[in-house]
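For reference, the chains in residue letters:
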Amino acid sequence: MISFEPLEEPLGALVTGFDPGREADASLVEELARGLADHSVLVFRGQEIKPEQFVALGHAFGELEILPEPDKRDPDHPEIFNLSNVRPDGTLVEFSEPQAVFLRGTQRWHTDSSFRELPCLCTMLYAVEVPPSGSATQFADMMAAYESLPAEQQADLDNLRLIHSYEYSRANNPGEMDPMDDEERAKFPPVSHPWVRSHANGRRSLYMGGHVSHIEGLDVDEGRTKVAALTEAVTTAEVTYEHQWQQHDLVVWDNRTTLHRVLPYDIANERRIMRRLTVANADPVI
Ligand code: OGA
Ligand code: MN
């Protein structure tokens, strides 16, 4: 029997009673989906999850996204995104190389795959190896953030849409990365989503983050400044849970209602190996 114990934090719950060997059937998925809807972030500690079990769990939740960059896909399980600063030959990446630049991109507040027309539901991140210090991941509750704003500001945001662009966010990663080629650009054109999205529980949340290029219909620079200011203003400790990783933690978060970012760590000297699955969502952003 799975149970959810709310963390003594603004969001998140500790999941106990989960057995990765149990078949990921409809009733398990229903239980976990309810927990995710109630808590936005689910934390599982000390789970030894084999890649096959991980993929089966993800698949039971829904279709899995295949990440844009082929070099980050696990060779045996293309749905698994190897989020790692260790090269296949066991050596560590260098600070300035594209993989390190990409990893540092996740140090900005963002919500996964918001650059897609139909962005994902949730991400599942499993810690294979974690550094001794740094590299915690923060999750900020964007329903609480929206609700904390004055009604006038809510009404202003309710009427705006943001342009999310993978080309923009990738080019904006801290460091040099190859720009997108024409094929990638055609696959991931910029998309427009409402700044405030609505959820089945009747609540609304701010939907923004690092993939946002600008505000639709407004001056690009002005829009960027406004988005950055709001992000800075609402990602406070009052709405944030900071997860300190231990080996074999699994964290599942709802990308519809939260923003997240990883805190810096010594990327060129400390090993950090994570496996990630991203569960797609068939529902448009409304
Ligand atoms: C990501 C991400 C967080 C982490 O892969 O998109 O945000 O802790 N990862 O590595
Ligand atoms: Mn992410």
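The structure displayed is predicted, hence computed values, not measured ones.

1. A closer look at the overall build of the chain
Logical step 1: Each helix and strand counted, the chain has eight helices and 15 strands in total.
Logical step 2: Taken over the C-alpha trace, the chain has a radius of gyration of 18 Å; the compact-globule value for 286 residues is 19 Å, and the two agree within 12%.
Logical step 3: Considering only C-alpha atoms, the chain reaches an extent of 50 × 40 × 35 Å along its principal axes.
Logical step 4: Looking at the chain residue by residue over its 286 residues, the buried ones come to 53%.
Logical step 5: Sequence-distant contacts in the chain: of pairs separated by 6 or more residues, those separated by 24 or more amount to 81%.
Logical step 6: Of the roughly 13100 Å² that the chain leaves accessible, carbon and sulfur atoms contribute 50%.
Logical step 7: Within the chain, the 48 negative side-chain charges are centred at a point lying 1 Å from the centre of the 25 positive side-chain charges.

2. Some details on the coordination of the manganese ion (ligand 2)
Logical step 1: Surrounding the manganese ion (ligand 2) are the protein donor atoms H110 (NE2), D112 (OD) and H260 (NE2), which sit 2.1 Å from the metal.
Logical step 2: Along the chain, the residues donating to the manganese ion (ligand 2) are arranged with the sequence spacing H-x1-D-x147-H. One end of the pair, H110, is in the loop between α3 (98-105) and β5 (122-129); the other, H260, is in strand β14 (residues 258-262), and 150 residues separate them in sequence.
Logical step 3: H110 sits in the buried class, given a relative accessible area of 8%.
Logical step 4: Exposure remark for H260: the relative accessible area of 4% places this residue in the buried category.

3. What to know about the pairing of strand β1 (residues 3-6)
Moving residue by residue along a regular strand, the side chains alternate between the two faces of the sheet.
Logical step 1: Relative to strand β2 (residues 13-16), β1 runs antiparallel, the two being bridged by four bridges. Bridge pairing in β2 places S3 opposite T16.
Logical step 2: The turn joining β1 and β2, which pair antiparallel and follow one another in sequence, is formed by six residues; a positive phi near 105° is taken by G12.

4. What to know about the environment of F102
Logical step 1: The topology assignment puts F102 in helix α3.
Logical step 2: Sequence separation between F102 and G175 is 73 residues; the distance between their C-alpha atoms is 8.5 Å.
Logical step 3: The residues contacting F102, other than those within four sequence positions of it, are E69, K72, F81, L83, Y166, N173 and M177.

5. Quick notes on the site of ligand 1
Logical step 1: Around ligand 1, a shell composed of L83, T106, H110, D112, L125, T137, W245, H260, V262, R272 and R276 is seen.
Logical step 2: When isolated, ligand 1 has an accessible area of 290 Å², and the protein chains bury 98% of it.
Logical step 3: Across the shell around ligand 1, the residue classes break down as four nonpolar, four polar and three charged.

6. A short note on the sheet that holds strand β11 (residues 212-215)
Logical step 1: Read across the open sheet, the three strands follow the order β8-β7-β11; overall the sheet is antiparallel. Of all strands in the sheet, those bounded by a partner on one side alone are β8 (191-194) and β11. When the angles between neighbouring strand axes are averaged without regard to direction, this sheet yields 35°.
Logical step 2: Where strand β7 (residues 161-164) lies against β11, three bridges are found, and the strand directions are antiparallel. Its bridge partner lying in β11, H164 is registered against V212.
Logical step 3: Relative to β11, helix α8 (residues 220-234) is tilted by about 110°, and along the sheet it contacts β7 and β11.

7. Section: the nonpolar core
Most often, soluble globular proteins keep nonpolar side chains buried together rather than apart.
Logical step 1: Judged by nonpolar contacts, the single largest core of 28 residues is most densely connected at F18, L32, F44, F54, M124, L250 and V252.
Logical step 2: Of all the elements in the fold, those that place two or more residues in this core are β2, α1 (26-39), β3 (41-44), α2 (51-61), β5, β13 (250-254) and β15 (273-279).
Logical step 3: The next biggest cluster of nonpolar side chains, apart from the first, holds 26 residues, and it includes V41, F81, F102 and A127.

Reading guide: rules and limits
- Residues numbered from 1 in each chain as written.
- Chains lettered and ligands numbered in written order.
- Predicted model: local features only at pLDDT ≥ 70, side-chain atom pairs only at ≥ 80, totals over all residues.
- Heavy atoms only, no water.
- Helix = DSSP H or I, 4+ residues; strand = E, 2+ residues; numbered from the N terminus.
- Rg over C-alpha atoms; globule rule 2.2 N^0.38 Å.
- Buried < 20%, exposed > 50% of the residue type's maximum accessible area, 1.4 Å probe, protein only.
- Contact = heavy atoms within 4.5 Å.
- Areas by Shrake-Rupley, 256 points an atom, 1.4 Å probe, with all protein chains shown as cover.
- Lys, Arg positive; Asp, Glu negative; His and termini not counted.
- Charge placed at Lys NZ, Arg CZ, Asp CG, Glu CD.
- Donors = N, O, S within 2.8 Å, 3.2 Å for Na, K, Ca; no water.
- Pairing = 2+ DSSP bridges.
- Near = heavy atom within 4 Å.
- Nonpolar A, V, L, I, M, F, W, Y, C, P; charged D, E, K, R; others polar.
- Axes fitted to C-alpha atoms, helices over the stretch in contact; angles between N-to-C directions.
- Core = buried A, V, L, I, M, F, W, Y, C linked by side-chain atoms within 4.5 Å.

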